[in-house]
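# Structural overview for review
So the chains spell out like this:
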Amino acid sequence: MEHCHSNKDLIVLSSFYIYLNVVGKTYTLTEFKSMYKDEPKRIISFEKIEEIGNSRKWYNDKDMYDEPKCVFKFQEIEEIGNSRRWFTDNDINRYMDLITQRSPDTVYAFNTFFYTKLCDINNKSVHRWTKQIDIFAKKILFIPIHMENHWCLVCVCFQQKSIQYYDSFGAKNSISMQRILKYLEKELRDKKRQYFDRDGWELINVNNCPRQTNNWDCGVYICMYAEYISRGAQLNFSQLTMNEFRIQIALEMKYKKLMKPVPFKMLI
């Protein structure tokens, strides 16, 4: 494997993978590191990637290296991808906020502490959490749930009149869905003085969602469930993509913007 000239060295974060593009060839990060153990590496900024992806013009080397900006060190990327760190409430909330911000008119993601409070006997204050939000004007609601040592996700779809439970271990949880349905009834009555018609509503334990094969990626799974569902994408990922998703999530939280756009049909 021959070395490339320095003006052709290019690291691109694309499709959640890290590649070195050299005269039509691609090398994985591992291969690149073995080639250039002692040389500085450069990474194109997130904004430049987005600009390139949305452009129809041809780019030359000068375009690519115009004010390059380092997003992460290679060691950091490798550590994030290989991490077994459990996602905290803060991690989940930051990512759910990005999902809401991408589609503010159609999607709303609750805070991780919402469901915990909803389970309290004295949960009257929970209705103040949406004081400035009309949840019934949205198409989709996401409610992350922490079940002891495991993250799960509830998705409320108003158009389909369904409440869906996603668990990367495949467990069922009709109790949580019933509790959320009761919350919707009370919320509609308190905020709009309207009766919530349960007729036609379904509570669904989703059996065919991607499953985890370890004990530490549940937080990544619910983040990606919500990210995919919010833009109408099929849940076609697996455990094999978790390392790449960890890198993707870290980049998105760093730049406070999700990589994937939402199709127009999901915005109306």
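Under an unreviewed UniProt entry, the name given to the protein chain is Ubiquitin-like protease family profile domain-containing protein, and the source organism is Acyrthosiphon pisum.

Moving on, we get to helix α5 (residues 89–102). Think of an α-helix as turning once every 3.6 residues; residues three or four places apart then point the same way. Taking 1.5 Å of rise per residue, 14 residues should cover 20 Å, and α5 covers 20 Å from first to last C-alpha, within 8% of that figure. Of the residues making up α5, those classed as buried are Asp 91, Ile 92, Asn 93, Tyr 95, Met 96, Leu 98, Ile 99, Thr 100 and Arg 102. Structurally, α5 contributes buried residues whose contacts are with β4 (107–109), α6 (112–118), β5 (140–147), β6 (150–157), α8 (218–230) and α9 (242–255).

It is at 10 Å that the axes of α5 and α9 come closest, and there the two elements cross at 70°. Put simply, α5 runs roughly perpendicular to α9. Residues Asp 91, Arg 94, Tyr 95 and Leu 98 of α5 form the contact with α9, whose own contacting residues are Gln 248, Ile 249, Glu 252 and Met 253.

We now examine α8. End to end, α8 covers 18 Å across 13 residues, agreeing with the expected 18 Å (1.5 Å per residue, within 8%). For α8, a buried count of 13 out of 13 residues is recorded, marking the element as mostly surrounded by other parts of the structure. Phi for Gly 232, located one or two positions after α8, is positive at around 70°.

To continue, consider the environment of Val 107. As for its placement among the helices and strands, Val 107 is situated in strand β4. Sequence spacing of Val 107 and Lys 139 is 32 residues, and the spatial spacing of their C-alpha atoms is 6.1 Å. Setting aside anything within four residues of it in sequence, one finds Val 107 in contact with Ile 99, Thr 100, Lys 138, Ile 140, Phe 142 and Ser 230.

Conventions used here
- Residues numbered from 1 in each chain as written.
- Predicted model: local features only at pLDDT ≥ 70, side-chain atom pairs only at ≥ 80, totals over all residues.
- Heavy atoms only, no water.
- Helix = DSSP H or I, 4+ residues; strand = E, 2+ residues; numbered from the N terminus.
- Expected span 1.5 Å × (residues − 1).
- Buried < 20%, exposed > 50% of the residue type's maximum accessible area, 1.4 Å probe, protein only.
- Contact = heavy atoms within 4.5 Å.
- Axes fitted to C-alpha atoms, helices over the stretch in contact; angles between N-to-C directions.
- Parallel < 35°, antiparallel > 145°, perpendicular 65-115°, else oblique.

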